[in-house]
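For reference, the chains in residue letters:
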Amino acid sequence: MPIYEYVCKQCGREFEELVFNAEEPVVCPKCGSTETEKLMSACATKVDGGGPNLDALHGSSCGSGGG
Ligand SMILES: [Zn+2]
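Residues numbered from 1 in each chain as written. Predicted model: local features only at pLDDT ≥ 70, side-chain atom pairs only at ≥ 80, totals over all residues. Heavy atoms only, no water.

Looking at an unreviewed UniProt entry, the chain carries the name Regulatory protein, FmdB family, with the source organism given as Pseudodesulfovibrio mercurii.

Concerning the overall build of the chain
Here is the rule we go by: Strands are runs of DSSP state E lasting at least 2 residues, helices are runs of H or I lasting at least 4, and numbering of each runs from the N terminus. Type-normalised accessible area, obtained with a 1.4 Å probe on protein chains alone, sets the label of each residue: buried when under 20%, exposed when over 50%, and partly exposed for intermediate values.
Assigned secondary structure in the chain consists of one helix and three strands. Traced from its N-terminal end to its C-terminal end, the chain shows the element sequence β-β-β-α. For the chain, the proportion of its 67 residues judged to be buried stands at 13%.

A word on the coordination of the zinc ion
Where we set the bar: Donor criterion used throughout: N, O or S atom within 2.8 Å of the metal, extended to 3.2 Å for Na, K and Ca. Water excluded; incomplete-looking sites may result. Every geometry call rests on angle ranges, with four donors termed tetrahedral when all angles are between 85 and 135 degrees, four termed square planar and six termed octahedral when opposite donors are over 155 degrees apart and all others are between 65 and 115, and everything else termed irregular.
Summarising the metal site, the zinc ion is bound by the protein donors Cys-8 (SG), Cys-11 (SG), Cys-28 (SG) and Cys-31 (SG), whose distances to it range over 2.3 to 2.4 Å. One way to put it: the four donor atoms around the zinc ion meet at angles of 105 to 121°, and that makes the site tetrahedral. Donor residues for the zinc ion sit on one chain with the sequence pattern C-x2-C-x16-C-x2-C. A residue is classified by how much of its surface remains accessible, and Cys-11, at 34% relative accessible area, is partly exposed.

Okay, here's the thing in structure tokens:
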């Protein structure tokens, strides 16, 4: 199912939403605002087979997009 991450511009709440209709506005579950923005969910860290890659954890710049 198409689950996307959204962030509310009003209260800053981040949440996941099932999106069936891209035309319908996504409503914030906290404040009810429709001023929401879809986030990029390309947060997949690639780990080579052979054990946990601690280096990847340290250098994870995922989700910290200042904008
Ligand atoms: Zn909100």
